[in-house]
Amino acid sequence: HLMTAPYFNQRRYVETEGLTSVGVDGFFIGRAIKPGFGVTREFGISPNLITNLGLNALGSANADFTRMLLGTGTTSPAFTDTALTNFGVNVVNSSPSLTRSIQSSSPYYVEIKSTWTSSVGGATGTWTEIGISNQNTNGNLRSHALILDGGGSPTSFPVLSDEQFQGVYIFRFYMPVVDNPASINLSGTPYSTTTRSLAVTSLNKTAGWWPTLDTPFLARLDGAAVYTGGLSAITATAPGGSYLGAPGFGGITTAAYTNDNFYRDSSYRWGSGSGVGTVRSLMCQTGCGQFQVEYDPSFTKLTTEEFIHNQRFAWARR
């Protein structure tokens, strides 16, 4: 997890910073299906390795986990992989069908299940490796795994010419459940900040958690507000106390992503006349989920001041 750096305030504005980090992992399931008969063979969950390309894709303009590839390589996956060891076939030249669900007890996570189904004979072969890419040909590998048997050992998986291959990729985003503290200094006064998740049981695009694999999941900024009260439970939908206001038009921005950083920096700005009052906490809604930040002690935001909160959103393999 990354640590924050302190910020300071000047005469006519107050600036603070917070940090939160999301865990990600994934799994593969595969089935051979004979039309008219159903599933003839399958392999269970094969834990995937999310490559560095995959982690970078989560911070880019388009994550694009849209193609499933099969191969015959047997080399153990590595973070630096960019392609299957021995590419065989792209399961289907189209994006997968998607379902999304939420785990509403600990560990809290949102699960995105992507499913690709080949045509009959479209994935004929004996396969030993599987991966996720954004293209129909080998390369740009987001995730890589060897196909495993029930005991967890590498195995081969045959698909006959009169069968379809159905591949499922299960990707999970784990909400942070531990508070993330930091220290800052405002006009010579030491402050503590604590970042905490919000609405971890809510599967909701604008008031909860709704991560995606086709847009930058922590870069899109959907809203923010400041409050007079302190932190709420991670299952609540807002911090405590009274609502003081949201940033004005253009008051929410995000910095460009730099490869291999695995974080995005965002800024929330309340101009003069907005968010006025005694500020104890704020809420921010990203393209992934909802967070809250508490300041200890509270501070007063005057009509003549601007208030700027900088937030770092990070992600890492779980």
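Colleague: Describe the nonpolar core, listing the residues and the values that go with them.
Modeller: Formed by 55 residues in total, the largest nonpolar core has its most connected members in Leu58, Phe65, Met68, Ile130, Phe165, Tyr169 and Phe171. Leaving out residues up to four positions away in the same chain, Phe171 has contacts with Val24, Asp25, Gly26, Ile50, Leu58, Phe65, Val110, Glu111, Ile112 and Leu213. Ala199, Ala225, Tyr227 and Met283 belong to the second largest nonpolar core, which has five residues in total.

Colleague: Let's hear about unusual backbone geometry: which residues, and what values?
Modeller: Backbone torsion omega between Ser106 and Pro107 reads 0°, so that peptide bond is classified as cis. Position of Pro107 among the secondary structure elements: in the loop between strand E6 (97-103) and strand E7 (109-117). With an omega of 5°, the peptide bond between Asp296 and Pro297 qualifies as cis. Structurally, Pro297 can be placed in strand E20 (residues 290-301). A positive phi angle is found at Ala199, which is not glycine, with a value near 55°. Tracing the backbone through its elements, the reader meets Ala199 in the loop between strand E14 (189-198) and strand E15 (221-227). Overall, Ala199 belongs to the buried group, its relative accessible area being 1%.

Colleague: Give a description of the sheet that holds strand E10 (residues 143-146) that names residues and reports values.
Modeller: Pairing within the open sheet is antiparallel, and its five strands lie in the order E3-E10-E9-E4-E5. With one partner strand each, in any of the chains shown, strand E3 (49-50) and strand E5 (87-90) form the two edges of the open sheet.

Colleague: I'd like a description of the environment of Ser153, backed by residues and values.
Modeller: Within the secondary structure, Ser153 is located in the loop between E10 and strand E11 (157-159). Distance in space between the C-alpha atoms of Ser153 and Gly229 is 53 Å, their sequence separation being 76 residues. When near neighbours in sequence (up to four residues on either side) are disregarded, Ser153 contacts Ile147 and Leu148.

Colleague: Please provide a residue-by-residue account of helix H1 (residues 52-59), values included.
Modeller: Burial within H1 is extensive, with six of its eight residues counted as buried. The set of residues buried in H1 consists of Gly54, Leu55, Asn56, Ala57, Leu58 and Gly59.

Colleague: Summarise the side chain of Gln164; cite the residues concerned and give the values.
Modeller: Checked against the element boundaries, Gln164 lands in strand E12 (residues 164-174). A polar contact of 2.9 Å, which involves the side chain of Gln164, links it to the backbone oxygen of Ser118. Dropping the residues within four chain positions of it, Gln164 is found in contact with Arg31, Ala32, Ile33, Pro35, Thr117, Ser118, Ser119, Val120 and Val159.

Procedures and definitions
Within every chain, residues take consecutive numbers counted from 1 along the sequence as written. Residues qualify for local features only when their pLDDT is at least 70, as the model is predicted, and side-chain atom pairs are given and counted only at 80 or more; totals for whole chains, interfaces and linings, by contrast, use all residues. Think of the side-chain values as coming from all heavy atoms in the structure, minus any hydrogens and water. What we call a nonpolar core is a set of buried Ala, Val, Leu, Ile, Met, Phe, Trp, Tyr and Cys residues that are connected through their side-chain atoms within 4.5 Å. Residue burial is assigned from relative accessible area. The probe radius is 1.4 Å, only protein chains are included, and a residue is buried under 20% of its type maximum, exposed over 50%, and partly exposed in between. In what follows, a contact means two residues having at least one pair of non-hydrogen atoms within 4.5 Å. Each helix is a run of DSSP H or I of at least 4 residues and each strand a run of E of at least 2, with the numbering of both proceeding from the N terminus. The pairing criterion is simple: DSSP has to find at least two bridges between the two strands. Whenever a nitrogen or oxygen atom comes within 3.5 Å of another N or O atom, the pair is scored as a polar contact, on the condition that within protein one atom can donate a hydrogen and the other can accept it, and that pairs from neighbouring residues in sequence are kept only if both atoms are in side chains.

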